[in-house]
Amino acid sequence: MGISVDKALGIHQYALAMRVERSRVIAGNLANVDTPGYLARDYDFKTALRGLASDIQGMSSQQRLPELSLDSDLRYRVPMQPSEDGNTSELGVEQTQFASNAMDFESSLTFLNMKLAGIKKAIEGQ
Amino acid sequence: MAFNSIYDIAGSAMRAQTVRLNTVASNLANADSAAGSEAQAYRAIKPVFATLYQSMDVDGGASGAHLASANVRIADLVQSDRTIEKRFEPGNPIADGEGFVYYGNVNVVEEMADMMSASRTFQTAADVITRTNSMQQSLLRLGQA
């Protein structure tokens, strides 16, 4: 039985890619915090990742891993307080989202590192 | 991985806010400058921000157009159309025939608020770069622990 490294890493590699994508979108929101009429956006992270997780679980070992597609999960942010110029990007909200997203990136990375350490141990037979 | 475009986005925000700070500086510097006629009076300069969407080719371009990064750019610099202040100062050497001088239409309080907002957004962009930097660095160390 061969080891599929891709499959052993599980959902975390996708989570990592999504975190980077998400920080790009939030960076855009932060950059446009003073642009009139800008509509802030964000990913529906849970839905996207849950769909992917069920895809991976139902797979046979011969199948290739699914591609990560995010296009349909980009939604518009609902502002807490509507502003006069139509901008829905709120500095406080976007900053906290960005910070927590960066922390989640670090956790995904930690999980991946632990998985890799596990695989290494298995290969070396210790 | 889209780290590069995050740097682009934060950089565009920093550029835009620098231009905004420049206009604030010129407006504040000219807050008290007088002119001999209404046409020559200083008018406050205001930047107009616009979003510059850049589509990214994620899977060869077909559906990549949806994934747009939102840079910010200066669409235009406009002059404020607030009324020019006309003061009666017959002793002023640049006064016109009737003894009036014309002061620019800079609102100092508004400019100060603009300055605070610009520096705050600039700071945020700098924070985004720092954070992205540390994300990228920890990604480079993947598998080494």
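Look up: the structure comes first, before these words.
What counts, and at which threshold
- Residues numbered from 1 in each chain as written.
- Chains lettered and ligands numbered in written order.
- Predicted model: local features only at pLDDT ≥ 70, side-chain atom pairs only at ≥ 80, totals over all residues.
- Heavy atoms only, no water.
- Pairing = 2+ DSSP bridges.
- Helix = DSSP H or I, 4+ residues; strand = E, 2+ residues; numbered from the N terminus.
- Contact = heavy atoms within 4.5 Å.
- Salt bridge = Lys/Arg side-chain N within 4 Å of Asp/Glu carboxyl O.
- Polar contact = N/O pair within 3.5 Å; in protein donor to acceptor, adjacent residues only side chain to side chain.
- Nonpolar A, V, L, I, M, F, W, Y, C, P; charged D, E, K, R; others polar.
- Buried < 20%, exposed > 50% of the residue type's maximum accessible area, 1.4 Å probe, protein only.

### With respect to the pairing of strand β5 (residues 100-103) of chain B
The side chains of a regular strand alternate, residue by residue, between the two faces of the sheet. Residue and element names in this part refer to chain B. In the sheet, strand β1 (residues 34-35) pairs with β5 via 2 bridges, with the strands oriented antiparallel. Across the sheet, the residue bridging to Ala35 is Tyr102, located in β5. Here 4 bridges tie strand β4 (residues 85-88) to β5, and the two strands are oriented antiparallel to one another. Pairing of Phe88 across the sheet is with Phe100, part of β5.

### Details of the interface of chain A and chain B
Facing the 32 residues of chain A at the interface are 38 residues of chain B. In this assembly, chain A and chain B are joined by 1 salt bridge. Counting every contact that joins chain A to chain B gives 8 residue pairs in polar contact (both at pLDDT 80 or more). Of all the elements in the fold, those that place two or more residues in the side of chain A that touches chain B are α2 (12-31), β1 (41-43) and α4 (91-124) of chain A. With 12 residues, the top contributor of residues to the side of chain A that touches chain B is α4 of chain A. Counted by class, the side of chain A that touches chain B contains 20 nonpolar, 6 polar and 6 charged residues.

### Quick notes on the side chain of Ser12 of chain B
All names here are of chain B. Here Ser12 shows up in helix α1 (residues 3-29). Ser12 gets classed as buried once you look at its relative accessible area, which sits at 3%. For Ser12, the residues in contact, after removing those within four places along its chain, are Asn71 and Val72.

### Quick notes on the side chain of Arg20 of chain B
Along the chain, the position of Arg20 of chain B falls in helix α1. Its relative accessible area of 8% is what places Arg20 of chain B among the buried residues. At 3.0 Å, the side chain of Arg20 of chain B and the side chain of Asp34 of chain A are in polar contact. The contact partners of Arg20 of chain B, leaving out residues within four places of it in the chain, are Asp34 of chain A together with Pro47, Phe49, Asp114, Ser117 and Ala118 of chain B.

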